[in-house]
Amino acid sequence: MAIDSLLPRLSEKNWDEMWAVNFHGALACAEAVLPNMTTRQEGHIIFVSSFSALSPPLGQVAYASSKAALLGLTRDLATRHGHSNIRVNCVLPGFLKTRMTATTSAKRRVEVMNSHSLGRFNTCECVAEFIHFLHHHQPHTSGQIFQLDSR
């Protein structure tokens, strides 16, 4: 979820809503599955963050902050639960054609495209394939942040 606004113009309600969805929702999901994973002594949590967490565009302070918090959460949970054979990783898929980005202006799409070294956007299918690969073929990988676009 993204609500674009400069910080002085961002309402407290919108700030809280952004954090509720992007951070607290992910945290609640992790907290819900961790007890069972700990009992089973295995599991894998994969958070989805955003390139905005690393390089926030103007007007995305709440979105970028909430997504950046997932990076810290990834490393914290990976460290705290690694002894229980629980892996925690985070994927930054890049700009994708989704419902969330459907309202992005053509001008902004060109700007983002021009910032990519390959001159193209990632796809939802490629991101899904990467997550599948990470889960099934990288059993010794945890605490990592994977940026999948070509900036």
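The rules behind the values
- Residues numbered from 1 in each chain as written.
- Predicted model: local features only at pLDDT ≥ 70, side-chain atom pairs only at ≥ 80, totals over all residues.
- Heavy atoms only, no water.
- Helix = DSSP H or I, 4+ residues; strand = E, 2+ residues; numbered from the N terminus.
- Rg over C-alpha atoms; globule rule 2.2 N^0.38 Å.
- Buried < 20%, exposed > 50% of the residue type's maximum accessible area, 1.4 Å probe, protein only.
- Contact = heavy atoms within 4.5 Å.
- Areas by Shrake-Rupley, 256 points an atom, 1.4 Å probe, with all protein chains shown as cover.
- Lys, Arg positive; Asp, Glu negative; His and termini not counted.
- Charge placed at Lys NZ, Arg CZ, Asp CG, Glu CD.
- Disulfide = S-S within 2.5 Å.
- Core = buried A, V, L, I, M, F, W, Y, C linked by side-chain atoms within 4.5 Å.
- Pairing = 2+ DSSP bridges.
- Right-handed = clockwise from strand over helix to strand, strands pointing away.
- Salt bridge = Lys/Arg side-chain N within 4 Å of Asp/Glu carboxyl O.

Novice: Outline the overall build of the protein chain, listing residues and values.
Specialist: Of the regular secondary structure elements, the protein chain holds four helices and three strands. Going from N to C terminus, the protein chain has its helices and strands arranged as α-β-α-β-α-α-β. Relative to the globule expectation of 15 Å for 151 residues, the C-alpha radius of gyration of the protein chain, 16 Å, shows essentially globular dimensions. The burial tally for the protein chain puts 37% of its 151 residues in the buried class. Of all intrachain contacts in the protein chain linking residues separated by at least 6 positions in sequence, the fraction that spans at least 24 positions is 71%. Element-wise, carbon and sulfur atoms account for 57% of the exposed surface of the protein chain, whose accessible area totals about 8,800 Å². Both charge centroids of the protein chain, one from 14 positive and one from 11 negative side chains, sit 6 Å from each other.

Novice: Account for the state of the cysteines, with residues named and values stated.
Specialist: By the definition in use, this model includes zero disulfides. Distance from the sulfur of cysteine 29, which forms no disulfide, to the nearest cysteine sulfur (cysteine 90) is 14 Å. The class for cysteine 90 is buried, based on a relative accessible area of 0%.

Novice: Can you explain the side chain of lysine 67? Please cite residues and give values.
Specialist: Checked against the element boundaries, lysine 67 lands in helix 2 (residues 61–81). On the accessibility criterion, lysine 67 (10% relative accessible area) is buried. Excluding residues within four positions of it along the chain, lysine 67 makes contact with Asn22, Val48, Ser49, Ser50 and Ala53.

Novice: I'd like to hear about the nonpolar core, residue by residue, with values.
Specialist: Side chains of a nonpolar character, in soluble globular proteins, are inclined to be buried together. Within the largest apolar cluster, 18 residues are counted, with the highest numbers of intra-cluster contacts made by Ile45, Phe47, Leu70, Leu73, Leu77 and Val88. Put simply, the parts of the chain that give this core at least two residues each are helix 1 (12–40), strand 1 (43–48), helix 2 and strand 2 (86–92).

Novice: Got a sec to walk through the pairing of strand 1? Specific residues and values, please.
Specialist: As paired elements, strand 1 and strand 2 share six bridges and run parallel to each other. Considered in strand 2, the bridge of histidine 44 is made with arginine 87. Crossover connection from strand 1 via helix 2 to parallel strand 2: handedness right-handed.

Novice: Can you lay out the pattern of salt bridges for me, pointing to particular residues and giving the numbers?
Specialist: Throughout the structure, instances matching the rule amount to two salt bridges. In this structure, the salt-bridge partner of glutamate 42 is arginine 40, at a minimum N-O distance of 4.0 Å. The shortest N-O distance in the salt bridge between aspartate 76 and arginine 80 comes to 2.8 Å. With aspartate 76 and arginine 80 both in helix 2, this residue pair falls four residues apart, about one helical turn. The class for aspartate 76 is partly exposed, based on a relative accessible area of 34%.

Novice: Got a sec to walk through the pairing of strand 2? Specific residues and values, please.
Specialist: On a regular strand, one side chain projects to one face of the sheet and the next to the other, so that they alternate. Counted residue by residue, strand 2 has seven buried out of seven residues, so it is predominantly covered. Residues Ile86, Val88, Cys90 and Leu92 of strand 2 are buried on one face, and the alternating residues Arg87, Asn89 and Val91, pointing to the opposite face, are buried as well. Pairing of strand 2 with strand 3 (residues 145–147) involves three bridges; the strand directions are parallel. When the bridges of strand 3 are listed, valine 91 appears paired with phenylalanine 146.

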